[in-house]
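# Fold and contact review
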Amino acid sequence: MNRYVYDFTEGGREMADLLGGKGANLAEMTRMGLPVPPGFTVTTLACRAFLAHGAEPEELGREVARHLTALEQAAGRQLGQPDDPLLLSVRSGARFSMPGMMETILDIGLNDDSVLGLAKVSGHERFAWDSYRRLVQMFGSTVMGVDGALFEEALGRLKEDRGAADDLRLDAHDLAGLVETYKAVIRRETGADFPQDPQEQLRRAIRAVFSSWNGERARLYRRREHIADDLGTAVNVQTMVFGNLGSDSGSGVAFTRDPATGRPGLYGDYLANAQGEDVVAGIRNTVTLDELEELDPLSYTRLRDYLRILENHYRDLCDIEFTIERGKLWMLQTRVGKRTAEAAFAIASELVDEDLITADEALARVSGEGLARLMFPRFDTASVGAPIAHGIPASPGAAVGAAVFDSAEAVRRAAAGEKVILVRQETTPDDLPGMVAAQAVLTSRGGKTSHAAVVARGMGKVCVCGAEELTVDTGARRFTANGTTVTEGTVISVDGTAGAVYPGAAPLIDSVVMRYFETGGQAPGGNSQTVLGAVHRLMGQADTVRRLGVRANADTPEDAARARRFGAEGIGLCRTEHMFLGERRRLVEAMILARTDAERDKALAALLPLQRQDFVGILQAMDGLPVTIRLLDPPLHEFLPDRTELAVRIASAEAHGGTPDAHDAELMTAVNRMHEENPMLGLRGVRLGLVVPGLTAMQVRAIAEAVVERKRAGGDPRAEIMVPLIDTVQELRIVRTEVEQVLTEVSEAAGIPVECPVGTMIELPRAALTAGRIAQEAQFFSFGTNDLTQTTWGFSRDDVEAAFFSAYLEKGIFTVSPFETIDREGVGRLVEIAVAEGRAARPDLKIGVCGEHGGDPASVHFFHDAGLDYVSCSPFRVPVARLEAGRAALAGTEGSDSR
Ligand code: PEP
Ligand code: MG
């Protein structure tokens, strides 16, 4: 039979799923013998049952009654007893902390009679009436649904009447009057009375907490924090203790270490003569715990001892809430405390030094996301104002610069020494020079795998994309967002970690961790407890335990060199498309426009030496490590001019009575010929090489000759050739024959062996489903999870995130974009099938992933589980992937999940 209620003496920390975090920890502290006010927890199971059926499970009422009776017997008084009432607090407590997102109701048990009893036994008439008016107010708004502002207004009017500057000036008589006013408000607004029956108060308060799980605030918070919607909350019912009974009472919060920096030593705030919520609300200034030591040395010493016991028990930073009631210290809550990324690293390393945890456990307690936060400059949060727009946080870090609206202007201003932010509706490969020149890229369209996002991440450049509140008017060189207009040259600040845009220049804090990686990750001076010492130690631990290799997606020698400094063990994806842009575009145009084989061969021959030089540079930067070079992938029309621009040019020449430029006319014919409604599903990938004669051969020759050149220079080039967008083994078979022929030719001509493994991307469902056959021709697989996600879900990777993902997230269809974190159930299933069938056909098949998921923590854990050999991600993500690959290898170590 289901059981819905547990006394604090019956539970423990391991029961967090059932009792919620707060309930489980209250039980744990009770079990440890710490002074916790007695109480019981109504389980998440009860909440889920309530939410599913719209009513409490039948047994719940009986169970609550039984536990209440036990509580009353132990206390020697009853809930709401008129002469000496037992009072209760009712608080939410979900599995994962959702601070302030759900309801709390205090002082349950007070009514018109028991308020008098409380006044008498406490000797504080004002305190009793103040508690009662708080209950009526809280119950009225949270349980009975009255607009909280009505109570605030009534309180404001009373203060005005009495000329009282703050609540403390209102006396018992005033507050008794306020209770009556509040009751009248409730009656007027709901047609019902504030319930005098303490049992009814308790029942309805529990129900209100259940319901608050689905409140708007809570749902929003869960979506942001990726907390599942179906967990439900537990409800903790606890005996009230009071910190507002005079100067020998008070409330506070404390941490076992500084949660901002990780430095050891007690850290916290205390407020004398106050309840916990007053400390949090910040109505009066708190004092430090050092001052508590002077005010109440005995309580301070106890507190210090309890904190030490807790930290040794939990073997981690703990935070607590406590109350001192007339000199008696009570522990109201504890949990493993939240901390900054810096503190997380520092504390994990300190606890290893203190022999409280192992190095593996320390690794489990930090995260790739935390490391990413430490790697980039950030804004000083205290000094940034309100954002003018929000978007998708596509590439982390913080940047300040003048807004510019096209690539050429970005390049021009940057060359003159100005810092700029490139603002576009969306970017295309043509914007690359501007992106390189800019501090950050801001777009109003596109998601995490849009061109802007992928390229910016690759360059470690700040990027916010899909900022739909932005209306970008490139022609007028300005954008507007929520009523603010930003013209070209105006300074703005872009936060790529939070996805926010601010007006003006927000102050920046530089990253020492980035400098550490940029300089090759050498052991820092000083001890292991500085953030750098901790990062160094934990990166070392991750590298020791990880099974997954980590490579980088890099397509220039500079990126390759940086990736290597960041710890990449090769290149998993060298995209070659940028090698066809810029100055070389006219050669590509010539290749496409060629009317004869000879014309096309001439264009290809001109491209060959340029490409060879690109490959030489990259192979040199990655000497001795594998470099997977992908044959040309995007649709060819991307290398031709924009169709509309061209049409405008031609039309305007005609309108002025002239004849359009002959080259333009020729281009227009080609552009029209090559136009596709769905270019991502059109002539791209392997299909290009199969229909444009000589294209594959030219690329392979450039690679092979680069290998020869590096070998002649005494290097150890390890090029691998990768064919994109394979659907069927026949495609690969044809290309592979051609590749091997060229390799043999170059090798024989040079008299130097050129052996390049030939493999394929698995980025279409058909390829994944026929991986066994494809593996007969492929020496390696690399999952292109961007395209695989696009084609498995039928989601255009360029459009959907901005178009409707917020609605999908809102409806709980998924909790995170499948372009960000791999969809284990669908796309992941295809990956698993392909791994199994590929390896069955070719046991030594090397398998990696080079889609954006390769640098996403949760996805790295999946790729580890799926048995891949390596992940490949943008250079700046390499440390994150190394760390997460290490954490993934710690299966079963507490805290090693990637959430
Ligand atoms: C992919 O599809 O995951 C991939 C790596 O290729 P691209 O992003 O270049 O299409
Ligand atoms: Mg792809």
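All residue numbers here refer to positions counted from 1 along the written sequence of the relevant chain. As they are written, the chains are lettered A onward and the ligands numbered 1 onward, keeping that order. Owing to the predicted nature of the model, reporting of local features is limited to residues with pLDDT of at least 70; listing and counting of side-chain atom pairs is limited to 80 or more, with chain, interface and lining totals taken over all residues. Excluding hydrogens and water, the side-chain values take into account all heavy atoms of the structure.

## Quick notes on the environment of T484
Only DSSP runs of H or I covering at least 4 residues are called helices, and only runs of E covering at least 2 are called strands; the numbering of each starts at the N terminus. Relative to the helices and strands, T484 resides in strand β20 (residues 484-487). Here T484 falls in the partly exposed class, since its relative accessible area comes to 27%. For the pair formed by T484 and P503, sequence separation is 19 residues and the distance between their alpha carbons is 8.8 Å. For every residue, the accessible area (1.4 Å probe, protein chains only) is compared with the maximum for its type, and the residue is labelled buried under 20%, exposed over 50%, or partly exposed between those bounds.

## Considering the pattern of salt bridges
Salt-bridge detection follows one rule: a side-chain nitrogen of Lys or Arg within 4 Å of a carboxyl oxygen of Asp or Glu. In total, this model carries 60 salt bridges according to the counting rule given. The shortest N-O distance in the salt bridge between R304 and D305 comes to 3.9 Å. Here the salt bridges do not stand alone but share partners, grouping E577, R630, D633, R684, D787 and R797 into one network.

## Comments concerning the site of ligand 1
If a single non-hydrogen atom of a residue is within 4 Å of a molecule or strand, that residue counts as near it. As a structural note, the neighbourhood of ligand 1 is formed by 14 residues, with R575, R630, G784, N786 and R797 the closest of them. Here an oxygen atom of ligand 1 and a backbone polar atom of G784 are 3.3 Å apart. Polar contacts here mean pairs of N or O atoms no more than 3.5 Å apart (in protein, one a potential hydrogen donor and the other a potential acceptor; neighbouring residues in sequence count only if both atoms are side-chain atoms). One of the backbone nitrogen or oxygen atoms of T785 is found 3.0 Å away from an oxygen atom of ligand 1. All accessible areas in this document rest on Shrake-Rupley with a 1.4 Å probe, and a residue is counted as covered only by the protein chains that are shown. Contact with the protein chains covers 96% of the free accessible surface of ligand 1, which is 280 Å².

## A short note on the nonpolar core
Soluble globular proteins tend to bury their nonpolar side chains together. Counting residues in hydrophobic clusters, the biggest one holds 133 residues, and the most contacted among them are F345, V535, F783 and L868. One finds L87, F127, L150 and L170 within the second-largest nonpolar core, a separate group that totals 61 residues. Remark: nonpolar core denotes a set of buried residues (Ala, Val, Leu, Ile, Met, Phe, Trp, Tyr, Cys) joined through side-chain atoms within 4.5 Å.

## Remarks on the coordination of the magnesium ion (ligand 2)
Water is not part of the atom set, so a site may look incomplete; the donors themselves are N, O and S atoms within 2.8 Å of the metal, or 3.2 Å for Na, K and Ca. Donor atoms from the polypeptide that bind the magnesium ion (ligand 2) are E763 (OE) and D787 (OD), placed at 2.0 to 2.1 Å. One end of the pair, E763, is in the loop between β28 (758-762) and α29 (765-769); the other, D787, is in helix α31 (residues 785-793), with 24 residues separating them in the sequence. A single burial state applies to E763 and to D787, both of which are buried.

## Concerning a nonpolar patch on the surface
A contiguous nonpolar patch, built from L690, V691 and I734 and spanning about 260 Å² of accessible area, is present on the exposed surface. If you trace the backbone, V691 turns up in helix α26 (residues 686-691). Surface patches are drawn from residues lacking salt bridges whose relative accessible area is over 30%; two like charges belong together within 9 Å, two nonpolar side chains (Val, Leu, Ile, Met, Phe, Trp, Tyr) within 5 Å.

## Things to note about the confidence of the model for the protein
Counting all residues, the mean pLDDT for the protein is 92, and 98% of those residues have values of 70 or more. Each residue carries a pLDDT score, the predictor's confidence in it, ranging from 0 to 100. It only takes one pair of heavy atoms within 4.5 Å for two residues to be counted as in contact. A low-confidence stretch, residues 894-899 (pLDDT under 50), is modelled with 18 contacts involving residues beyond four sequence positions or located in other chains.

## Quick notes on the pairing of strand β4 (residues 104-108)
Burial runs high along β4: four of the five residues are buried. Two strands qualify as a pair provided DSSP detects at least 2 bridges between them. As judged from the three bridges shared by strand β3 (residues 88-94) and β4, these two strands associate in the antiparallel manner. By the bridge assignment, V90 is partnered in β4 with I105.

## Section: the packing of aromatic side chains
Pairing of aromatic rings covers Phe, Tyr and Trp, the last through its six-membered ring, and needs centres within 6.5 Å; plane angles under 30 degrees mean stacked, over 60 mean edge-to-face, and all others mean tilted. Under the criterion given, the structure shown has 27 aromatic pairs. Taking the centre distance of 4.9 Å and the plane angle of 80° together, the rings of F127 and F242 count as edge-to-face. With a gap of 115 residues between them, F127 in helix α5 (residues 125-143) and F242 in the loop between β5 (233-239) and β6 (250-257) connect regions that are remote in the sequence. Take F127: its relative accessible area is 7%, and that puts it in the buried class.

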